[in-house]
Amino acid sequence: MIHINPHYYKIQANYLFAEVAQRVKTYKTAHPEADLIRLGIGDVTKALPAVCVEALIRGSREQGCDETFHGYGPDYGYDFLREAIAKVDFQARGCDISPDEIFVSDGAKCDVGNFQEIFDGNIRVGVPDPVYPVYVDTNVMAGRTGAAADGRYQGLVYLVGNEANGFVPGLPSEPVDLVYLCFPNNPTGAVATREQLTAWVEWAKANDALILFDAAYEFFIQDPSIPHSIYEIPGAKEVAVEFRSFSKTAGFTGTRCGYAVVPNECRAFDASGNAVALQPLWKRRQSTKFNGVSYPVQLAAAAVYTPEGQAQCRELIAGYLANAQIVSSHLTAKGYRTTGGTNSPYIWFDTGTDSWAFFDRLLNEAQVVTTPGSGFGNAGAGYIRITAFNSRENVERAMERLDKIL
Ligand SMILES: *Cc1c(COP(=O)(O)O)cnc(C)c1O
C-alpha cells in the first residue's frame, strides 16, 4: 500500500495568504466598484532592468542558432556568472569568496528549503519568530519536529524577535545545531549590526553549530555600517552558508535565479564528532537533484554585475525605498512605532490591537490590502506588514487614505 510521508500531516496549512485573498475577494464581491491598493504580498512590481532584458534576448537568439547553442550547463552555474558574483558581491566588500564557492540556482527559496537535507534528522533547529515560513515547513516535512500546538511545532527552538531586541533575536538559551537568520528581515524589515552578527558567528563556533544566512534583501541596505554578507564577519566561512537571490535585487521573481555560497572551509560533524566539509555534500545534492538555470537567465543575472546593471538595480531599489519612506513617515506621524523601511522594502508596526482586526479595518475603511503579522508566527501577533512593492502613486494614495482613517 502506498503510504504518505507522515510528517506531511503535521504541516499546518498556511492560511495567511489564502485568508488574505479570501477576505479581499469577499470585500470585492460586496463592493465591486472598490479601488483596492495592494501593499500586501512580497512580490516586486517593476519591470526587469533593461540590461537584463537585452541579455535575455541575446541568450535566446544564441539558443536559436547551432553555432551558439547551449545544452546542459555546468552543474553549479556558468563561470561567467560565478566569477561576476564572487567579484562584485563579495571580493569588492572585502569578503574572501571565490567563484568555486558559489552555487547558482533557480532561487533562494529552493536553496534555503533544500539545504537542511544534508543534515541528520535529529539535529536541533532554531528558527526566528516572526519567520519566513520556508525555514519551518521544510524541517517539518523532513521529520525534525513533533506536532503543532498553539502555532508552534514541538522540537523547534523559536528565537523571538520583538521591540525589546529590535527584532534581532538573541542567542538561544538552549542547545541548537542549525539556525536560520534573515537580514534584512522578511517580514519585520529589521537589520542586524556587525556586533550582532559577530555574536552569532562566535556562538556557532563555540557550539559546533551552523548558520543558514538568508540575505535575499541585501541590496536594500543603505546604511554603510550594516554588513551585506555574513562573510564580512571574521571566521564566518567556517560556520555559515549564505543565500542570495536576484528576485528582489533585480526583479527576477518571475525570471528565477539565485545562488548559495558554501565556502570551502564550511563544516558540519559526523557521528564521531569529526569535521566534515559541507561543500562536497551540497555539490552532490545539486548535481543529483538540480539541473541548473537556463543559459539566457544566467546571462541576464550576469548583466546585473555590469556597471549599467548595478546602476539600474540601484535605481529600482531606490524607487521601492522611497515608497517605504513614505509609508514609514505616515505611520510614524500617526504615532505608530515602525521597524524596517530604511534598509528594507518592509514596514512592520504594532497596531495596538489584533492583526486581523486591523487588517479588516484597513481593507474596509481604506481599501488598502496589507499582511497580518500574526500569520508569520506567534511573535507577530498584533503587528501588520506593509510592503513598498507598488507604484509611487499607489503608495501615496494608500497613505492619504490611511491618514484619514487612523
Ligand atoms: C523573496 C525571498 C527570498 C527569495 O526567494 P526566491 O526563491 O529567490 O524568489 C528568499 N528569502 C526570503 C526571506 C524572501 O522574502
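Read on for an overview of the structure. Small disclaimer: the values here were computed from a predicted structure and weren't measured.

About the criteria used
Residues numbered from 1 in each chain as written. Predicted model: local features only at pLDDT ≥ 70, side-chain atom pairs only at ≥ 80, totals over all residues. Heavy atoms only, no water. Phe/Tyr/Trp six-rings, centres within 6.5 Å; stacked < 30°, edge-to-face > 60°. Buried < 20%, exposed > 50% of the residue type's maximum accessible area, 1.4 Å probe, protein only. Near = heavy atom within 4 Å. Polar contact = N/O pair within 3.5 Å; in protein donor to acceptor, adjacent residues only side chain to side chain. Areas by Shrake-Rupley, 256 points an atom, 1.4 Å probe, with all protein chains shown as cover. Helix = DSSP H or I, 4+ residues; strand = E, 2+ residues; numbered from the N terminus. Pairing = 2+ DSSP bridges. Axes fitted to C-alpha atoms, helices over the stretch in contact; angles between N-to-C directions. Parallel < 35°, antiparallel > 145°, perpendicular 65-115°, else oblique. Left-handed = near helix turned anticlockwise from the far one by under 90°. Contact = heavy atoms within 4.5 Å. Nonpolar A, V, L, I, M, F, W, Y, C, P; charged D, E, K, R; others polar.

**Digging into the packing of aromatic side chains**
Two numbers describe a pair of aromatic rings. These are the distance of the centres and the angle of the planes.
Thinking step 1. One pass over the full model with this rule turns up 28 aromatic pairs.
Thinking step 2. Taking the centre distance of 5.4 Å and the plane angle of 70° together, the rings of Tyr 132 and Tyr 135 count as edge-to-face.
Thinking step 3. Judged by its relative accessible area of 1%, Tyr 135 falls in the buried class.
Thinking step 4. Taking 6.4 Å as the distance between ring centres and 75° as the angle between the ring planes, the aromatic pair formed by Phe 220 and Phe 389 counts as edge-to-face.

**Describing the site of the ligand**
Thinking step 1. Not every one of the 14 residues close to the ligand is listed here, only the nearest: Asp 214, Tyr 217, Ser 245, Ser 247 and Lys 248.
Thinking step 2. Measuring from an oxygen atom of the ligand, one finds a backbone N or O atom of Lys 109 at 3.0 Å.
Thinking step 3. In the model, an oxygen atom of the ligand is placed 2.6 Å from a nitrogen or oxygen of the Ser 245 side chain.
Thinking step 4. Notes on the ligand: free accessible area 390 Å², of which the protein chains cover 93%.
Thinking step 5. Going through the elements one at a time, helix H4 (108-114) and helix H8 (246-249) are the ones with two or more residues in the shell around the ligand.

**Thoughts on the pairing of strand S3 (residues 125-129)**
Thinking step 1. Within S3, five of the five residues are buried, leaving the element largely enclosed by the surrounding structure.
Thinking step 2. Residues of S3 alternate between two faces, with Val 125, Val 127 and Asp 129 on one and Gly 126 and Pro 128 on the opposite face, all of them buried.
Thinking step 3. With two bridges connecting them, S3 and strand S7 (residues 178-182) associate as parallel partners. Residue pairing for S7: Gly 126 is matched across the bridge by Val 179.
Thinking step 4. In this structure, S3 lies alongside strand S6 (residues 157-160), joined through four bridges in parallel fashion. Note that in S6 the partner of Pro 128 across the bridge is Leu 159.

**Comments concerning the packing of helix H2 (residues 50-63) against helix H10 (residues 295-303)**
Thinking step 1. Where H2 contacts H10, the two axes come as close as 8 Å, and the packing angle between them is 150°. As judged from the angle between their axes, H2 and H10 are roughly antiparallel. Relative to H10, the crossing made by H2 is right-handed. When H2 is examined against H10, the residues Val 51, Cys 52, Ala 55, Leu 56, Arg 58, Gly 59, Ser 60, Glu 62 and Gln 63 are found in contact with a partner set consisting of Tyr 295, Pro 296, Val 297, Leu 299, Ala 300 and Ala 303.
Thinking step 2. Considering only residue class, the contact of H2 with H10 consists of ten nonpolar, three polar and two charged.

**So, the sheet that holds strand S13 (residues 338-340)**
Thinking step 1. Overall, antiparallel pairing links the four strands, which are arranged S13-S14-S17-S16 in an open sheet. Both outer strands of the open sheet, S13 and strand S16 (371-372), are each paired with one neighbouring strand and no more.
Thinking step 2. In terms of strand pairing, S13 meets strand S14 (residues 346-350) through three bridges, oriented antiparallel. Bridge pairing links Thr 338 to Phe 349 in S14.
Thinking step 3. Against the sheet, helix H12 (residues 355-366) makes contact with S14, S16 and strand S17 (383-387), and its axis sits at roughly 45° relative to S17, the strand it touches most.

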